[in-house]
Amino acid sequence: MTGLKMPKDFLWGGAIAAHQAEGAWDVDGKGVSIADVLTAGNATTPRTITDGVIAGENYPNHHGIYFHDTYKEDLALMAEMGFKAFRTSIAWTRIFPNGDDAEPNEAGLQFYDDMFDEMNRLGIEPVITLNHFEMPYHLVTEYGGWRNRRLIDFSVKYSETVLKRYRNKVKYWITHNEISNQANISEASTVQDFLVWTNSGLRYDETATIAERMADMYQAGHYELVASAKVVQLAHQINPDFQIGAMLNVSPIYPATPLPADMLAAQKAEQLRKWFSDVHIRGAYPSELEALFERTGYRPDITDEDRQILKEGTVDYLSISYYATFAVKAADGKTPALDDPSSIESVKNTLIPASDWGWTIDPEGLRYTLNQLNNLYPNLPIMIVENGFGAYDTVTADGSIHDDYRIAYLSAHIAEAEKATIIDGVNLIGYLSWGPIDIVSAGTGEMSKRYGYIYVDLDDEGHGSGKRLKTDSFNWYQNVIKTQGENL
Ligand code: BGP
């Protein structure tokens, strides 16, 4: 209990993504997305990327939680909790099934017209992500994904189409979800393969060197940033009231020890990721990246026109996902350097607890991160658009779900966000918890990694009634919103 109260216009709510909830993966003209070829994994088995959709494989995103057909009932539950805002994404392939189609798919456009009308009818502010790991699969097979400059035009055409279509229904937009995930090049290749796939539609075989992967990732990231900047400029012409946000997963990166080399490792690990927010927010690459490009030849294809676009297309706010924190050390015998991510080694932080999926539980880290972002980008509006606790839930005989572990995680994190806002002066404009209703996990494809105030009766194989059940945290969060965050 902090006794702190958030401002009346604070955007309390929750967030999901089309590919993790809607299902209807091939309905009404929708094309195959890069999420539709991801098989189910679990806490210890990574998901696989198949060549196209293969009969007999388990693709959990094909059904999600049937949100395509249940969104009215589900949004009514969000309204019952008192949501001020609800984030989801537009599935790019409902609008341009192949990504390079001449004309948009009217059935897809109408679907989101109806969904946004329902949100507005309920008094819930839509917060809409344009690209949430859902690019058209055809843009990978035909053009090689975001390593191809043509992706800029395809992405801008799609964005312009929906910004114009929903100019009077949606105010808050987000361009690329967690755009900096792909910078985790030093991760084991199975993790890294997944991250560059979901961000950029890039695929590697085992012969790809780290240097090739890095050059590719910097190129794809650059085109994504140019596309985002173009969308910001277009959006402000379409509706001057639009708020266009960048979106990054953020967390403090702790040095494993007070050893100077470990401190340098933590700083380099930060620099490996934060150039995305620098370009989105400041409109230019930080000097450590320019120096890296010069030294290594990773320099992406950057034109003077690109640089002008980046400068003029900076975002209106920063949206973030925060789940956990990380610790790193300098790899034995190496000096931490951006050139060689293997010089920075992740280490397990045994000083704080972790979830059943090994994600650390670090509420103070959220306050630290919000202050760090405010120092980097003074007074830039920040919206937390993902924070949540994935856990195994048990349905008791009477249908109740006592998720006090989820309440403990969320109340501790909201308390720190309140301190950052009211005591530290951070310009936090909203808190949208991730997965207010159970959905398919992005990382593992599981349903059993549950985040919801609303439990969905579906298992990891997609079996179950699909029935929605309120967990204990449903009424808890309803009261948090009702008391503007005073009663945690
Ligand atoms: C982020 C994604 C979300 C969501 C979240 C939780 O990476 O933006 O799509 O999935 O992580 O991760 P997971 O679903 O793997 O538990």
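Given the structure is predicted, the values throughout are model-derived calculations rather than measurements. (Residues numbered from 1 in each chain as written. Predicted model: local features only at pLDDT ≥ 70, side-chain atom pairs only at ≥ 80, totals over all residues. Heavy atoms only, no water.)

**Student:** I'm lost on the overall build of the chain in this one. Help?
**Tutor:** Each helix and strand counted, the chain has 14 helices and 13 strands in total. With the principal axes as the frame, the chain shows a C-alpha extent of 60 × 55 × 50 Å. Carbon and sulfur atoms make up 51% of the accessible area of the chain, which amounts to about 18,000 Å² in all. (Helix = DSSP H or I, 4+ residues; strand = E, 2+ residues; numbered from the N terminus. Areas by Shrake-Rupley, 256 points an atom, 1.4 Å probe, with all protein chains shown as cover.)

**Student:** Looking at this structure, I do not really get the packing of helix 4 (residues 106–121) against helix 6 (residues 150–165). What am I missing?
**Tutor:** A pair of packed helices is captured by two measures, namely the crossing angle of their axes and the spacing between those axes. It is at 11 Å that the axes of helix 4 and helix 6 come closest, and there the two elements cross at 45 degrees. With respect to each other, helix 4 and helix 6 are oriented oblique. In this structure, the crossing between helix 4 and helix 6 has a hand that is right-handed. Residues Glu106, Leu109, Gln110 and Asp113 of helix 4 form the contact with helix 6, whose participating residues are Thr161, Val162 and Arg165. (Axes fitted to C-alpha atoms, helices over the stretch in contact; angles between N-to-C directions. Parallel < 35°, antiparallel > 145°, perpendicular 65-115°, else oblique. Left-handed = near helix turned anticlockwise from the far one by under 90°. Contact = heavy atoms within 4.5 Å.)

**Student:** Would you explain the sheet that holds strand 9 (residues 344–347) in this entry?
**Tutor:** Taken together, three strands build an open sheet; the order of strands is 6-8-9 and the sheet is mixed. Only two strands of the sheet have a single neighbouring strand rather than two, namely strand 6 (253–255) and strand 9. Each adjacent strand pair in this sheet contributes to an overall mean axis angle of 45 degrees, direction not counted. Relative to strand 9, strand 8 (residues 326–330) runs antiparallel, the two being bridged by four bridges. For Ala330, the partnering residue across the bridge sits in strand 9 and is Ile344. Here helix 9 (residues 260–282) sits on the sheet in contact with strand 6, strand 8 and strand 9, set at roughly 120 degrees to strand 8. (Pairing = 2+ DSSP bridges.)

**Student:** What is the right way to read the pattern of salt bridges from this model?
**Tutor:** Any two side chains of opposite charge can pair if their charged atoms end up close together. Under the definition given, this model contains 32 salt bridges. Among the salt bridges present, the one from Arg367 reaches Asp424, with a minimum N-O distance of 2.7 Å. Highlighted residues: Arg367 in helix 12 (residues 363–376) and Asp424 in the loop between helix 13 (404–423) and strand 11 (428–434), separated in sequence by 57 residues. Owing to a relative accessible area of 25%, Arg367 belongs among the partly exposed residues under this scheme. Under the relative-accessibility criterion, Asp424 is labelled partly exposed at 24%. (Salt bridge = Lys/Arg side-chain N within 4 Å of Asp/Glu carboxyl O. Buried < 20%, exposed > 50% of the residue type's maximum accessible area, 1.4 Å probe, protein only.)

**Student:** Whenever I open this one, the sheet that holds strand 10 (residues 382–386) confuses me. Can you help?
**Tutor:** Paired through their backbone hydrogen bonds, the strands of a sheet run either parallel or antiparallel. Around the barrel, which closes on itself, the eight strands sit in the order 1-2-3-4-5-7-10-11 with parallel pairing between neighbours. On average, adjacent strands in this sheet sit at an angle of 25 degrees to one another, irrespective of strand direction. Both strand 4 (residues 172–176) and strand 5 (residues 243–249) contribute to a ladder of three bridges, which runs parallel. Paired with Trp173 across the two strands is Ile244, which belongs to strand 5.

**Student:** I tried to follow helix 6 on my own but got confused; where do I start?
**Tutor:** Given 3.6 residues to a turn, an α-helix orients residues that are three or four positions apart in the same direction. Taking 1.5 Å per residue, 16 residues should reach 22 Å; helix 6 reaches 23 Å between its end C-alpha atoms and fits that length. Of the residues making up helix 6, those classed as buried are Leu151, Ile152, Phe154, Ser155, Val156, Tyr158, Ser159, Thr161, Val162 and Leu163. (Expected span 1.5 Å × (residues − 1).)

**Student:** What's the story with the packing of helix 8 (residues 210–238) against helix 9 in this structure? I'm lost.
**Tutor:** One can describe the packing of helix 8 onto helix 9 by two numbers: an axis separation of 10 Å at closest approach and a directional angle of 25 degrees. Regarding the angle of helix 8 to helix 9, the classification is roughly parallel. In the packing of helix 8 onto helix 9, the handedness of the crossing is right-handed. Taken together, the residues of helix 9 that come into contact with helix 8 (itself represented by Met217, Tyr218, Gly221, Leu225 and Ser228) are Leu272, Trp275, Phe276, Val279 and His280. Broken down by class, the residue content of the contact of helix 8 with helix 9 amounts to seven nonpolar, three polar and no charged. (Nonpolar A, V, L, I, M, F, W, Y, C, P; charged D, E, K, R; others polar.)

**Student:** Help me out: how do you make sense of the site of the ligand in this one?
**Tutor:** Among the 14 residues in the neighbourhood of the ligand, the closest are listed as Gln20, Glu178, Ala442, Gly443 and Tyr451. Residue Gly443 places a main-chain N or O atom 2.7 Å away from an oxygen atom belonging to the ligand. Computed on the free molecule, the ligand has an accessible area of 370 Å², of which 93% lies beneath the protein chains in the complex. When the residues that make up the shell around the ligand are grouped by side-chain class, the tally is six nonpolar, five polar and three charged. (Near = heavy atom within 4 Å. Polar contact = N/O pair within 3.5 Å; in protein donor to acceptor, adjacent residues only side chain to side chain.)

**Student:** Can you walk me through the pairing of strand 3 (residues 125–131) in this structure?
**Tutor:** In summary, the side chains of a regular strand alternate between the two faces of the sheet. The buried fraction of strand 3 amounts to six of the seven residues, a majority that puts the element mostly inside the structure. With five bridges joining them, strand 2 (residues 85–89) and strand 3 adopt parallel strand pairing. Following the sheet pairing, Phe86 is matched in strand 3 by Pro126. The pairing of strand 3 with strand 4 spans four bridges and is classified as parallel. Paired with Val127 across the strands is Tyr172, a residue of strand 4.

**Student:** Would you mind showing me how to read the environment of Gly297 here?
**Tutor:** Residue placement: Gly297 occurs in the loop between helix 10 (287–296) and helix 11 (304–312). Each C-alpha atom of the pair Gly297 and Ala337 lies 15 Å from the other, and the pair is 40 residues apart in sequence.

**Student:** Sorry if this is basic, but what is going on with the side chain of Ser448 here?
**Tutor:** Along the chain, the position of Ser448 falls in the loop between strand 11 and strand 12 (454–456). A distance of 2.7 Å separates the side chain of Ser448 from the side chain of Asp460, its partner in a polar contact. If near-sequence neighbours (up to four positions away) are discounted, Ser448 is found in contact with Trp357, Ala391, Tyr392 and Asp460.

**Student:** In this structure, what is going on with the environment of Ala265? I would like to understand it.
**Tutor:** Of note, Ala265 is situated in helix 9. For Ala265, a relative accessible area of 0% corresponds to the buried category. Spatially, the C-alpha atoms of Ala265 and Thr2 are 35 Å apart, while their sequence positions differ by 263 residues. Not counting the four nearest positions on each side in its chain, Ala265 is found in contact with Val328, Lys329, Ala330, Pro336 and Ile344.

So yeah, pure geometry; function would need other evidence.
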